[in-house]
Amino acid sequence: MTENSSLLAEFPTCPRDVQDRPRVFTSASGAYVTDKSGFCWIDFDNARGSIVLGHGDPRVVEAVGRAATGADGTATGWSPRVDAVLERLHALCGGEVVGLFRSGTAAVRAAGLAVREATGRPLLVSAGYHGYDPMWYPSDAPLVPNADGVVDFFFDLGLLAELLAAPERVAAVVVSPDHMHLSAAWYRELRQLCSAAGVVLIADEVKVGLRYSPGLSTAELLNPDVWVVAKGMANGHAVSAVGGPRALLRPLKEVSFTSFFEPTILAAADAVLSRVATGEPQRALREAGDRFLCHARKALQDAALPVEIAGDGTFFQFVPASEELEYAFYAAANTEGLLFYAGDNQGVSAAFDDAVLTDAEQRFTRVCDRLSAYAGGEPVDEAARYRVAWNVMDGLREAERDRAATDGMLARLLDD
Ligand SMILES: Cc1ncc(COP(=O)(O)O)c(C=O)c1O
């Protein structure tokens, strides 16, 4: 990589400096990552929430190392680990059949296309991010399907009700659950709308699945027909999964890829799934996150900084009152070595022990000290809450609004 350019064709999401150059990390351990200058960061990004157990978790390392020697199956064909991973996913998330993939993007796409083929209906009604695949790009106007037959309702249940007025054209509603900006009541109404219309509900739990509890985060609220999980499965290793009724997922029979049986990935998934099945890592990271949040809220208040925090210890998001303060906030955090996922959700790992949290709290207090120029500024308003929620969910936060307000908000946020 040179100063301004890279040989890499893609522009992957990762921590970047103010010039948008990727920060280069040379090592990681537990809650810490070290960059090439030797500076040590506390990792709240954790590969966008995939590193649930912490970097270099010893039991995952042991399982992956053993598999890499060839002592635990082979990339050439089926191994006992395939059945172990499938059984664990089935026990945690349900479904008559389970499919395996390499990325969240691939799994959600496959789920949507399978249900479309199985139902013979043309439209996918979507809300939230489902990966980089252009099939999910919104069309130019709300309520108009894009060229791939996908139409976005941006988490607005009024728009969804309009789209479900002709349910015979809808193969599935595909939703990426968010637990920072949507309430239990919102999910219950979503389920009710889908059931009343007789439309399949796909929960894209790539991000939230297995992280909030040992299963789907919406199992009770939504009881989705088809589910997708990924980030909570393998502590950053490249695997994702789809589950649901055999009849709806029959088209997945056509799916195969060369690295299907790669043994280190299956070993990582088996080791991580056995841990998340206990609920212990989820409890540990929630507790750690809650302790950090408690400190952060008080430090922000003591410093009179207009920054709210949405969510809870499992996933949370800073809501600064203005874009200017947001920029200054992440710059100050960078200076203090708090590696936040800028503008998005923060996710601690189960490796955040007392010593890490004390270190993180001290750094956060210094971040607040650095922002004294913003003390006593205008409080966070609805526009700021909408803007920040849009960054993380590609849609509208739950709030009272009529159709005109929804249209105005969408016009503004889609334009930004
Ligand atoms: C809800 C959701 N779906 C799909 C994806 C895509 O997953 P991947 O980046 O593994 O392709 C993501 C990634 O962040 C996600 O959060």
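None of the values given here were measured: they were computed from a predicted structure. (Residues numbered from 1 in each chain as written. Predicted model: local features only at pLDDT ≥ 70, side-chain atom pairs only at ≥ 80, totals over all residues. Heavy atoms only, no water.)

**Quick notes on the site of the ligand**
Note the following rule: The criterion for a residue being near a molecule or strand is simple. One of its heavy atoms has to lie within 4 Å of it. Think of a polar contact as two N or O atoms within 3.5 Å of one another; within protein, one of them needs to be a possible hydrogen donor and the other a possible acceptor, and neighboring residues in sequence only count if both atoms come from side chains. Computed with a 1.4 Å probe, the accessible areas rest on the Shrake-Rupley method; for each residue, only the protein chains presented here act as cover.
Lining the immediate surroundings of the ligand are Ser103, Gly104, Thr105, Tyr129, His130, Gly131, Ser176, Asp204, Val206, Lys207 and Lys231. Between the ligand and the protein, one listed contact pairs an oxygen atom with a side-chain N or O atom of Thr105 at 2.5 Å. Measuring from a nitrogen atom of the ligand, one finds a backbone N or O atom of Tyr129 at 3.3 Å. In isolation the ligand exposes 390 Å². Once the protein is present, 78% of that is buried.

**Focus on the packing of aromatic side chains**
Heads up, the condition is: A pair of aromatic rings is counted whenever rings of Phe, Tyr or Trp (Trp by its six-membered ring) have centres within 6.5 Å, and the orientation is called stacked for planes under 30 degrees apart, edge-to-face for over 60 and tilted otherwise. Working definition: helices are DSSP H or I runs of at least four residues, strands are E runs of at least two. Numbering for both runs from the N terminus. Throughout this description, buried means an accessible area under 20% of the type-specific maximum (1.4 Å probe, protein chains only), exposed means over 50%, and partly exposed covers the range between.
For the coordinates displayed, the defined rule picks out 22 aromatic pairs. Ring geometry for Trp78 and Phe261: centres 5.8 Å apart, planes at 45°, overall tilted. Separated by 183 residues along the polypeptide, Trp78 in the loop between α2 (58-68) and α3 (80-93) and Phe261 in the loop between α8 (246-249) and α9 (263-276) bring together distant segments of the chain. Here Trp78 falls in the exposed class, since its relative accessible area comes to 56%. On the numbers, 6.0 Å between centres and 10° between planes, the contact of Phe329 with Phe340 is stacked. You can see Phe329 sitting in helix α11 (residues 323-335) and its partner Phe340 sitting in the loop between β13 (338-339) and α12 (354-370), a full 11 residues away along the chain. Like Phe340, Phe329 is buried.

**Thoughts on the sheet that holds strand β9 (residues 226-229)**
What counts, and what does not: For two strands to count as paired, DSSP must find a minimum of two bridges between them. Axis definition: a line fit to C-alpha positions, over the contact stretch in the case of helices; interaxial angles, taken between N-to-C directions, run 0 to 180 degrees. Any two residues whose heavy atoms approach within 4.5 Å at even a single point are treated as in contact.
What the seven strands build is an open sheet, ordered β4-β10-β9-β8-β7-β5-β6; its pairing is mixed. Edge strands, defined here as strands with exactly one partner in the open sheet, are β4 (97-101) and β6 (150-152). For this sheet, the mean angle separating the axes of adjacent strands, direction not counted, is 20°. Of the pairings in the sheet, the one linking strand β5 (residues 123-127) to strand β7 (residues 170-175) comprises five bridges and is parallel in character. Looking at the pairing, Leu124 lines up with Ala172 of β7. Strands in contact with α3 are β4, β9 and β10 (240-244); relative to β4, the strand with the most contacts, it is inclined by about 120°.

**Some words on the domain arrangement of the protein**
To keep it simple, the criterion reads: The split of the chain into domains comes from an automatic or database domain assignment. Summed over both partners, the accessible area (1.4 Å probe) lost when two parts come together is defined as the buried area. What counts as a salt bridge is simple: a side-chain nitrogen of Lys or Arg found within 4 Å of a carboxyl oxygen of Asp or Glu.
Domain assignment breaks the protein into domain 1 (25-43 + 280-380) and domain 2 (58-277). A separation of 29 Å is found between the C-alpha centroids of domain 1 and domain 2. Of the residues lining the interface, 15 residues belong to domain 1; the matching set on domain 2 comes to 11 residues. For the domain 1 and domain 2 pair, buried surface summed over both sides reaches about 1100 Å², with 56% attributable to carbon and sulfur atoms. Where domain 1 meets domain 2, there are zero salt bridges. Only α10 (280-302), β11 (307-312) and β12 (315-320) provide two or more residues apiece to the side of domain 1 that touches domain 2. With four residues, α10 is the largest single contributor of residues to the side of domain 1 that touches domain 2.

**Concerning unusual backbone geometry**
The phi dihedral of Ala47 is positive, around 50°, even though this residue is not glycine. Within the secondary structure, Ala47 sits in helix α1 (residues 46-49). Since its relative accessible area comes to 32%, Ala47 is described here as partly exposed.

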